[in-house]
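Close look at the chain arrangement
If you want the building blocks of each chain, they are given just below.
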Amino acid sequence: MTDTKTVVIIGGVAGGASAAARLRRLSESMEIIVLERSGYVSFANCGLPYHLSATIADRGDLLLQTPESLRERFRLDVRVRNEVTAINRNERTLVVRDLATGVDYELHYDALVLSPGAAPIVPPIPGAERGLVLRDIEDLDRMVSEVRKAQSVVVVGGGFIGLEAAENLKEAGLDVTLVELGDQLLAPLDPEMAKPLERELRRHGVAVELGHSVAEIEVGTATLDDGRVIAADLVVFAIGVRPDGRLAADAGLRLGPTGGIAVDDEQRTEDPAIWAVGDAVEKIDMLDGNATLTPLANIANRQGRRAADSIAGIPRKVLASQGTAIVKVFGKSAAATGWNEKRLLAAGRDFLAIHTHPNDHAAYYPGAQTFAIKLLVDPADGAILGAQAVGAEGVDKRIDVIATAMRAGLTATDLIDLELAYAPPFGSAKDPINQLGYIAENRLSGLSDSADWSEIEQLQKDGWKLLDVRTQEEFVEGSIPGALNAPLDEIRAEIEDLRGYDYLVYCAVGQRAHVATQLLNAHGVKAKNLDGGWTTWRNTPAAQTASRAARDALVGATSS
Ligand code: FAD
């Protein structure tokens with residue numbers, strides 16, 4: 001039977017455009033109308049920051065489709081600069097304002113898809129109206145014209161978009177200050193995993209102000225909350241987004257506790273004729289089944305497709321979201337999936353953290369570089385709770401493998417048996433993913449005992465000694481305060497001298513310390529391995545406190 005219903009889609013970018021194209025592929029007979037407030041549809045919002053630096057030099061490359069190309073290929077009626085101002089659910093009609101003429105008109109729908117996205121948050125500070133946000137092509141055009149006149153910029157917010165904006169504005173030749181209220185960048189990561197990004201920004205000349213906010217903006221300056229005045233010909237706000245649920249709420253549709261539009265697992269709202277997708281809707285978290293907001297393009301596209309399926313009468317469930325995301329900052333990338341340690345701690349969930357620092361590919365093949373990877377595991381059943389990675393190469397594929405393993409319900413020890421593509425330029429015969437599986441197996445089975453960097457202080461109070469088993473040369477270059485040095489190859493000879501204490505053993509990344517720990521335990525000396533070793537510790541807040549204390553002591557000594 002031919003389906004002649006009229007489907008109207010509000011919002012013509014990620015979720016809306018996906019829904020429209022899928023619907024047309026499923027039905028030649030439906031009338032499909034896309035209403036888009038801005039002047040563009042189906043543009044690459046994720047690519048916007050890269051035009052600021054001319055990495056994507058041609059603005060036209062960001063415009064993936066036009067109303068004309070969508071009409072030609074999919075016979076879609078795409079109306080840009082048309083804003084929906086009200087939904088009349090009883091009549092199944094919309095009030096639409098044609099922004100070109102200012103004239104309102106009424107439009108009937110049989111099925112309605114809401115994909116209005118999320119609005120950038122602007123802080124309520126004096127002069128906020130001078131700040132810019134980056135959400136669509138019009139925002140980009142405004143920013144590009146300001147960048148041409150500017151020498152200095154303050155980017156407010158150290159999340160994904162703030163980092164990308166900072167990187168690309170720096171590459172555009174501006175003096176960039178990144179201001180972040182939290183004490184670390186990129187909140188989805190734990191602090192020791194975010195630290196390398198901060199270092200990378202500073203290395204490229206970006207000033208990073210952690211633990212601060214912008215209190216006021218004036219012409220040419222931004223004033224921080226501690227009164228410092230920073231040159232800012234331009235201020236960019238990237239402090240997060242809020243789901244745009246206004247139209248839905250005005251129409252009496254339910255918003256969930258997060259403020260996103262509440263939908264079922266086919267993306268249907270409580271009104272059977274209305275679906276909602278993308279950044280505007282509330283998602284279900286994969287780990288705890290609670291409502292959450294994950295404003296990511298992959299999810300918006302998936303949901304758009306599923307809403308179209310549901311409208312076409314082939315319902316398929318949208319699976320819960322796990323928040324897999326990645327960002328590039330100059331020469332480094334950082335990616336995450338699932339929960340981080342901060343969130344697990346806040347929720348009171350038991351977990352085991354594994355840090356490793358493997359090579360991205362075989363060490364003997366030119367160009368190998370280490371990167372950091374952290375796996376969080378449920379000690380009760382080995383379930384993977386989350387992962388994070390940061391480094392120059394190899395980050396994306398490892399996080400994608402773990403995200404896939406999580407979706408498939410594999411446990412941490414199942415990672416051992418993943419048969420991953422290998423040749424020296426690409427990986428290692430024992431891939432970092434397999435290594436995580438081995439470590440998880442050793443830890444879960446009780447074969448090896450480890451402690452996290454956050455436990456060092458307590459263990460020391462309990463009388464444990466820190467034992468650094470790296471070489472003397474490595475030890476003198478930097479070590480954890482209070483550590484003794486006994487290089488791995490000398491431990492056997494020194495066993496008798498080491499008796500009488502319990503040891504928290506560390507090396508550069510945890511491998512030599514694992515061997516030393518096993519050796520000590522075999523000789524009746526109690527020992528634990530410090531997870532991730534020196535390389536993890538030096539990125540932790542504890543290391544920063546220690547280096548501040550050392551600096552203060554030095555200043556005290558020279559001034560007295
Ligand atoms: P959008 O794509 O924002 O589309 C919503 C559209 O609805 C807007 O164009 C708006 O004009 C229109 N609209 C709203 N209200 C109305 C109305 N009343 N009438 C008519 N039209 C209306 N995600 C990633 O996963 N990876 C990335 O690297 C990434 N980078 C990003 C970089 C930037 C600068 C930005 C802004 C976002 C980025 N995202 C990224 C997020 C991703 O773009 C969003 O998750 C995705 O676009 C959401 O799709 P959506 O359809 O829900 O909303």
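Cut-offs applied
Residues numbered from 1 in each chain as written. Predicted model: local features only at pLDDT ≥ 70, side-chain atom pairs only at ≥ 80, totals over all residues. Heavy atoms only, no water. Buried < 20%, exposed > 50% of the residue type's maximum accessible area, 1.4 Å probe, protein only. Helix = DSSP H or I, 4+ residues; strand = E, 2+ residues; numbered from the N terminus. Pairing = 2+ DSSP bridges. Near = heavy atom within 4 Å. Polar contact = N/O pair within 3.5 Å; in protein donor to acceptor, adjacent residues only side chain to side chain. Areas by Shrake-Rupley, 256 points an atom, 1.4 Å probe, with all protein chains shown as cover. Nonpolar A, V, L, I, M, F, W, Y, C, P; charged D, E, K, R; others polar. Contact = heavy atoms within 4.5 Å. 1 Å grid on protein atoms, 1.4 Å probe; cavity = no way out; pocket = protein on both sides within 12 Å on 5 of 7 lines; lining within 4 Å. Points joined across faces, edges and corners; volume = space filled by probe spheres on them. Patch = residues over 30% accessible without salt bridge, like charges linked within 9 Å, V, L, I, M, F, W, Y side chains within 5 Å. Salt bridge = Lys/Arg side-chain N within 4 Å of Asp/Glu carboxyl O. Lys, Arg positive; Asp, Glu negative; His and termini not counted. Charge placed at Lys NZ, Arg CZ, Asp CG, Glu CD. Phe/Tyr/Trp six-rings, centres within 6.5 Å; stacked < 30°, edge-to-face > 60°. Lys NZ or Arg CZ within 6 Å of the ring centre and 35° of its normal.

Comments concerning the pairing of strand 20 (residues 325-329)
Side-chain alternation along strand 20 places A325, V327 and V329 on a buried face and I326 and K328 on a face that remains uncovered. The sheet contact formed by strand 20 and strand 21 (residues 332-338) spans five bridges and is antiparallel. Directly across from A325, in strand 21, lies its bridge partner A336.

Considering the site of the ligand
Contacts to the ligand come from 29 residues, most closely from G15, E36, S115, D279 and A297. Here E36 contributes a side-chain N or O atom positioned 2.6 Å from an oxygen atom of the ligand. One of the backbone nitrogen or oxygen atoms of V84 is found 3.0 Å away from a nitrogen atom of the ligand. With the chains in place, 90% of the 1000 Å² that the ligand exposes on its own is no longer accessible. Elements that contribute at least two residues to the shell around the ligand include exactly helix 1 (14-26), strand 2 (31-36), strand 4 (82-88) and helix 8 (297-311). Residues of the shell around the ligand, tallied by class, amount to 15 nonpolar, nine polar and five charged.

As for the side chain of D190
Considering the arrangement of structural elements, one finds D190 in the loop between strand 10 (175-180) and helix 6 (191-203). Note on D190: relative accessible area 1%, which makes it buried. Looking at D190, its side chain comes within polar contact range of the side chain of K374, at 2.8 Å. In contact with D190, other than residues within four places in its own chain, are Q184, N340, E341, K342, K374, L376 and Q388.

Quick notes on the sheet that holds strand 29 (residues 527-530)
Read from one edge to the other, the open sheet built from five strands follows the order 25-29-28-26-27, with strand pairing classed as parallel. Looking along the sheet, the strands with just one partner apiece sit at the ends: strand 25 (450-451) and strand 27 (484-485). Sheet topology places strand 28 (residues 503-506) next to strand 29; three bridges connect them, and they run parallel. The partner of V505 across the bridge, within strand 29, is N529.

Remarks on empty space enclosed by the protein
Space left empty within the atom packing is revealed by a probe, the size of a water molecule, rolled over the atoms. Under the counting rule described, the total for this entry stands at one cavity of 30 Å³ or more. Around the largest cavity, the lining residues are E192, M193, H355, H357, A372, T535, T536 and N539. Those elements that place two or more of their residues in the lining of the largest cavity are helix 6 and helix 16 (533-537). Considered class by class, the residues forming the lining of the largest cavity number two nonpolar, five polar and one charged.

Quick notes on the layout of surface pockets
In this structure, the second largest pocket spans a volume of roughly 550 Å³. As for the second largest pocket, its lining consists of 26 residues, of which T356, Q435, I439, G510 and Q511 are closest to the centre. Looking at the lining of the second largest pocket, the elements that each hand over two or more residues are strand 22 (352-356), helix 11 (432-444) and helix 15 (511-522). The biggest single contributor to the lining of the second largest pocket is helix 11, with five residues. Class assignment for the residues of the lining of the second largest pocket results in eight nonpolar, 15 polar and three charged.

Concerning a negative patch on the surface
Taken together, the side chains of D414, D417, E419 and E441 present a region of like negative charge at the surface. Examined against the element boundaries, D414 turns out to sit in the loop between helix 10 (395-408) and helix 11. Assessed through its relative accessible area of 32%, D414 is described here as partly exposed.

So, the packing of aromatic side chains
For the structure on display, the rule yields one aromatic pair. Ring plane angle 25° and centroid distance 5.6 Å describe the contact between W534 and W537, whose orientation is recorded as stacked. Highlighted residues: W534 and W537, both in helix 16, separated by three residues, approximately one helical turn. Here W537 falls in the buried class, since its relative accessible area comes to 7%. Here the guanidinium or amino end of R349 rests over the ring plane of W339, the centre of that ring lying 5.8 Å away.

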